[in-house]
Amino acid sequence: WRMGGQKVIIDTDPGIDDALALALAVASGMDVVGVTTCHGNGGIENTSTNAKVMMRLLNKPSVPVHKGSPHPLKTFTVAHATHSGETVHGSDGMGECRPP
(Lines give C-alpha, C1' and ligand atoms only; values in the text may rest on other atoms or scores of the structure.)
Protein backbone atom coordinates (compact mmCIF):
# COMPACT_ATOMS: atom_id res chain seq x y z
CA TRP A 1 0.00 0.00 0.00
CA ARG A 2 1.48 3.33 -1.08
CA MET A 3 0.21 6.82 -0.43
CA GLY A 4 1.51 8.08 -3.76
CA GLY A 5 3.21 11.26 -2.65
CA GLN A 6 0.38 12.57 -0.44
CA LYS A 7 1.72 15.67 1.34
CA VAL A 8 1.35 15.45 5.12
CA ILE A 9 2.38 17.27 8.26
CA ILE A 10 2.65 14.88 11.17
CA ASP A 11 1.91 16.04 14.72
CA THR A 12 3.52 13.62 17.12
CA ASP A 13 5.23 12.97 20.45
CA PRO A 14 7.95 10.59 19.29
CA GLY A 15 8.62 7.88 21.74
CA ILE A 16 9.22 4.37 20.49
CA ASP A 17 5.73 4.02 19.00
CA ASP A 18 5.65 7.32 17.11
CA ALA A 19 9.21 6.83 15.86
CA LEU A 20 7.89 3.70 14.15
CA ALA A 21 4.89 5.66 12.84
CA LEU A 22 7.22 8.24 11.26
CA ALA A 23 9.20 5.43 9.61
CA LEU A 24 6.01 3.82 8.28
CA ALA A 25 4.74 7.16 6.93
CA VAL A 26 7.95 7.70 4.98
CA ALA A 27 8.12 4.06 3.82
CA SER A 28 4.52 4.22 2.58
CA GLY A 29 5.44 6.99 0.17
CA MET A 30 3.85 9.87 2.05
CA ASP A 31 5.54 13.17 1.29
CA VAL A 32 6.22 14.29 4.86
CA VAL A 33 6.64 18.04 4.51
CA GLY A 34 6.80 18.84 8.22
CA VAL A 35 6.70 17.42 11.72
CA THR A 36 5.34 19.16 14.80
CA THR A 37 6.07 17.80 18.24
CA CYS A 38 4.42 17.98 21.62
CA HIS A 39 4.85 16.81 25.18
CA GLY A 40 3.63 13.26 25.66
CA ASN A 41 5.86 10.21 25.63
CA GLY A 42 8.55 12.52 26.93
CA GLY A 43 9.23 16.19 27.44
CA ILE A 44 9.18 18.56 24.47
CA GLU A 45 12.99 18.65 24.17
CA ASN A 46 13.19 14.85 23.90
CA THR A 47 10.25 14.47 21.53
CA SER A 48 11.67 17.20 19.27
CA THR A 49 15.13 15.64 19.30
CA ASN A 50 13.63 12.22 18.58
CA ALA A 51 11.71 13.59 15.59
CA LYS A 52 14.87 15.22 14.20
CA VAL A 53 16.88 12.03 14.70
CA MET A 54 14.20 9.95 12.96
CA MET A 55 13.99 12.31 9.99
CA ARG A 56 17.78 12.13 9.64
CA LEU A 57 17.78 8.31 9.89
CA LEU A 58 15.00 8.17 7.27
CA ASN A 59 17.12 10.28 4.87
CA LYS A 60 14.76 13.24 5.29
CA PRO A 61 16.97 15.69 7.21
CA SER A 62 15.49 18.70 5.41
CA VAL A 63 11.99 18.03 6.78
CA PRO A 64 11.38 20.82 9.29
CA VAL A 65 10.60 19.84 12.87
CA HIS A 66 8.80 22.45 14.98
CA LYS A 67 8.19 22.31 18.71
CA GLY A 68 4.62 22.57 19.86
CA SER A 69 3.25 22.73 23.38
CA PRO A 70 5.65 21.80 26.18
CA HIS A 71 2.71 20.64 28.31
CA PRO A 72 -0.69 19.03 27.74
CA LEU A 73 -3.35 21.41 26.43
CA LYS A 74 -5.90 19.54 28.50
CA THR A 75 -5.34 17.23 31.43
CA PHE A 76 -7.48 14.51 32.90
CA THR A 77 -7.05 11.93 35.60
CA VAL A 78 -6.86 8.29 34.67
CA ALA A 79 -8.04 6.04 37.45
CA HIS A 80 -5.36 3.62 38.61
CA ALA A 81 -2.67 4.95 36.25
CA THR A 82 0.49 3.01 37.02
CA HIS A 83 2.93 4.47 34.53
CA SER A 84 3.94 7.60 32.68
CA GLY A 85 5.47 8.14 29.25
CA GLU A 86 8.92 8.03 30.81
CA THR A 87 8.35 4.72 32.59
CA VAL A 88 7.25 3.17 29.29
CA HIS A 89 9.54 4.93 26.79
CA GLY A 90 12.54 5.72 29.03
CA SER A 91 13.99 9.08 29.98
CA ASP A 92 14.92 9.86 26.36
CA GLY A 93 11.60 8.62 24.96
CA MET A 94 13.40 5.99 22.89
CA GLY A 95 14.01 3.28 25.49
CA GLU A 96 17.46 4.66 26.34
CA CYS A 97 18.73 3.70 22.89
CA ARG A 98 18.25 6.85 20.79
CA PRO A 99 20.78 6.89 17.96
CA PRO A 100 23.31 9.74 18.06
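Residues numbered from 1 in each chain as written. Predicted model: local features only at pLDDT ≥ 70, side-chain atom pairs only at ≥ 80, totals over all residues. Heavy atoms only, no water.

## Looking at the nonpolar core
Within soluble globular proteins, side chains that are nonpolar tend to cluster in buried spots. Rules: To qualify as a nonpolar core, a set must consist of buried Ala, Val, Leu, Ile, Met, Phe, Trp, Tyr and Cys residues joined through side-chain atoms within 4.5 Å. Any residue under 20% of the maximum accessible area for its type is buried, any over 50% is exposed, and the rest in between are partly exposed; the area is computed with a 1.4 Å probe on protein chains only. Helix and strand definitions here come from DSSP, where helices need a minimum of 4 consecutive H or I residues and strands a minimum of 2 consecutive E residues; each element is numbered from the N-terminal end. Residue contacts follow a heavy-atom distance rule, with two residues in contact if any of their heavy atoms lie within 4.5 Å.
Core analysis: the biggest nonpolar cluster contains 15 residues, and Ile10, Leu22, Val32, Val35, Met54, Met55 and Leu58 have the highest contact counts within it. Looking at this core, the elements that each hand over two or more residues are strand 1 (7-12), helix 1 (16-27), strand 2 (31-37) and helix 2 (44-57). By residue number, the principal contributor to this core is helix 1, which donates four residues. The contact partners of Ile10, leaving out residues within four places of it in the chain, are Leu22, Ala25, Val32, Gly34, Val35 and Thr36.

## Some points on helix 2
What counts is decided by this rule: Given a helix with a known number of residues, its expected span is that number minus one, times 1.5 Å.
For helix 2, built from 14 residues, the straight-helix expectation of 20 Å at 1.5 Å per residue is met to within 8% by its first-to-last C-alpha distance of 20 Å. All of the buried residues in helix 2 are Ile44, Thr47, Ser48, Asn50, Ala51, Val53, Met54 and Met55. Buried residues along helix 2 sit in contact with helix 1, strand 2 and strand 3 (65-67). Of the residues flanking the end of helix 2, it is Asn59, one or two places downstream, whose phi is positive at about 60°.

## Re the sheet that holds strand 2
Sheet strands pair via backbone hydrogen bonds, and the direction of the pair is either parallel or antiparallel. Just so we agree on the cut-off: Two strands qualify as a pair provided DSSP detects at least 2 bridges between them. Interaxial angles span 0 to 180 degrees and are taken between N-to-C directions of axes, which are lines fitted to C-alpha atoms, for helices over the stretch in contact.
Taken in spatial order, the three strands line up as 1-2-3 in an open sheet, and their pairing is parallel. Each of the sheet's edge strands pairs with one partner strand only, and the pair in question is strand 1 and strand 3. Neighbour-to-neighbour, the strand axes of this sheet turn through a mean angle of 20°, independent of strand direction. Of the strand pairs in this sheet, strand 2 and strand 3 are connected by three bridges, and their pairing is parallel. Within strand 3, the position partnered with Val35 by the bridge is Val65.

## Observations concerning the environment of Val8
If you trace the backbone, Val8 turns up in strand 1. For the pair formed by Val8 and Val35, sequence separation is 27 residues and the distance between their alpha carbons is 8.7 Å.

## What to know about the environment of Ile44
Within the secondary structure layout, Ile44 lies in helix 2. Setting aside residues no more than four positions away along its own chain, Ile44 makes contact with Thr37, Cys38, His39, Lys67, Gly68, Ser69 and Pro70.

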